[in-house]
Amino acid sequence: MATTTITAMRSALVTLLAARAGLAGVQIGYGMPPGALHREHMLLGLVEATQEYRALGTTRKFEDYTVTMHIGVVREGTDQQAADERALALMAEVEAALRTDPTVSGTVLTAEVGRYRLEPLASETTREARITLDIQTRARI
C-alpha cells in the first residue's frame, strides 16, 4: 500500500505541464535544478499534507495536500507590467492544465490552483515577477 501520492502527482504534473505548447521554452522542474534558473521558470516546492482514515479497521485513507509552485519571469528593461503579465500567463497555463486533467494523470482525485501571490522585483536593468501559488489536491490511498 502506498504511503502517499505526493511524488507521483508531482512527477505527473511536471510531465503534464511540459507537454503544453504555451510553456515551450519554460524551465519546468520537480524541484530546484542545479545551476542558474532560466528567465522563465516553474518549479515545485514545499508540500504540506494531512491524511485521514475513512473507516475503522480499514486501510483506506484520504490525503489532502498543497503543493507550492514558484513561477518566475525576468525581463530586460523597466516594464514591470510586461513581466507581471507573462508570469500570470504562465499561471493560466497551470490552471488550464488542471481544468483539462484535474486528476493529474490519475494520481489524485482532484487538483486545482488555490491561493497565489504576485511579487514584483527590480534591478537596475531588469524587472522580475514571481508568483507563488498553491495547488490544492485530494487523493485516496
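Our subject is the structure that appears above.
Note that the coordinates shown come from a computational prediction; the quantities given were computed from them, not determined experimentally.

Peer 1: Got a minute to help me understand the overall build of the chain in this structure?
Peer 2: Along its length, the chain carries two helices and five strands. Tracing the chain from N to C terminus, the helices and strands come up as α-β-β-β-α-β-β. With the C-alpha coordinates of the chain rotated into their principal frame, the extents come out at 60 × 30 × 25 Å. Put simply, the chain has 141 residues, and 40% of those count as buried. Relative to all contacts within the chain whose residues are 6 or more apart in sequence, the contacts with residues 24 or more apart total 63%. Element-wise, carbon and sulfur atoms account for 52% of the exposed surface of the chain, whose accessible area totals about 7800 Å². Both charge centroids of the chain, one from 15 positive and one from 17 negative side chains, sit 6 Å from each other.

Peer 1: Which parts of the structure should I look at to understand helix α1 (residues 6-18)?
Peer 2: Taking 1.5 Å per residue, 13 residues should reach 18 Å; α1 reaches 18 Å between its end C-alpha atoms and fits that length. All of the buried residues in α1 are I6, M9, R10, A12, L13, V14, L16 and L17.

Peer 1: Whenever I open this one, the pairing of strand β4 (residues 110-122) confuses me. Can you help?
Peer 2: Put simply, side chains in a regular strand alternate between the two faces of the sheet. Of the strand pairs in this sheet, β4 and strand β5 (residues 126-140) are connected by eleven bridges, and their pairing is antiparallel. Counterpart to L121 in the pairing with β5 is E128.

Peer 1: Please clarify how the sheet that holds strand β3 (residues 61-76) should be interpreted in this entry.
Peer 2: Strand pairing in a sheet is mediated by backbone hydrogen bonds. Such pairs are either parallel or antiparallel. Strands sit in the order β1-β2-β3-β5-β4 across an open sheet of five strands; the sheet is mixed. Looking at which strands have only one partner, the edges of the open sheet turn out to be β1 (27-29) and β4. When strand polarity is set aside, the average angle formed by the axes of neighbouring strands in this sheet is 15°. As defined by bridge partners, β3 adjoins β5 across 15 bridges and the pair is classed as antiparallel. When the sheet's bridge partners are listed, Y65 is paired in β5 with T137.

Peer 1: Explain the pattern of salt bridges to me, please; I cannot follow it from the model alone.
Peer 2: Pairs can form between side chains of opposite charge once their charged atoms are near each other. The full count for this structure, using the stated rule, is seven salt bridges. Two residues, E40 and R75, come together in a salt bridge whose shortest N-O distance is 2.8 Å. A residue pair is termed long-range when its members are at least 10 positions apart, and E40 in strand β2 (residues 40-53) and R75 in strand β3 qualify at 35 residues. Residue R75 is classed as partly exposed on the basis of its relative accessible area, which comes to 27%. For E119, the salt bridge identified is with R117, shortest N-O distance 3.6 Å. Taking relative accessible area as the criterion, E119 reaches 29% and is therefore assigned partly exposed.

Peer 1: What's the story with the nonpolar core in this structure? I'm lost.
Peer 2: Soluble globular proteins tend to bury their nonpolar side chains together. Among the nonpolar cores identified, the biggest contains 33 residues, and M9, L13, M42, M69, I71 and I135 are the most heavily contacted of them. Every element with two or more residues in this core is listed here: α1, β2, β3, α2 (80-100), β4 and β5. Sequence-distant contacts of I71, that is, excluding residues within four places in its chain, are made with H41, M42, A87, L90, M91, A129, R130, I131 and L133.

Rules used throughout
Residues numbered from 1 in each chain as written. Predicted model: local features only at pLDDT ≥ 70, side-chain atom pairs only at ≥ 80, totals over all residues. Heavy atoms only, no water. Helix = DSSP H or I, 4+ residues; strand = E, 2+ residues; numbered from the N terminus. Buried < 20%, exposed > 50% of the residue type's maximum accessible area, 1.4 Å probe, protein only. Contact = heavy atoms within 4.5 Å. Areas by Shrake-Rupley, 256 points an atom, 1.4 Å probe, with all protein chains shown as cover. Lys, Arg positive; Asp, Glu negative; His and termini not counted. Charge placed at Lys NZ, Arg CZ, Asp CG, Glu CD. Expected span 1.5 Å × (residues − 1). Pairing = 2+ DSSP bridges. Axes fitted to C-alpha atoms, helices over the stretch in contact; angles between N-to-C directions. Salt bridge = Lys/Arg side-chain N within 4 Å of Asp/Glu carboxyl O. Core = buried A, V, L, I, M, F, W, Y, C linked by side-chain atoms within 4.5 Å.

Nothing here speaks to function; it is geometry throughout.
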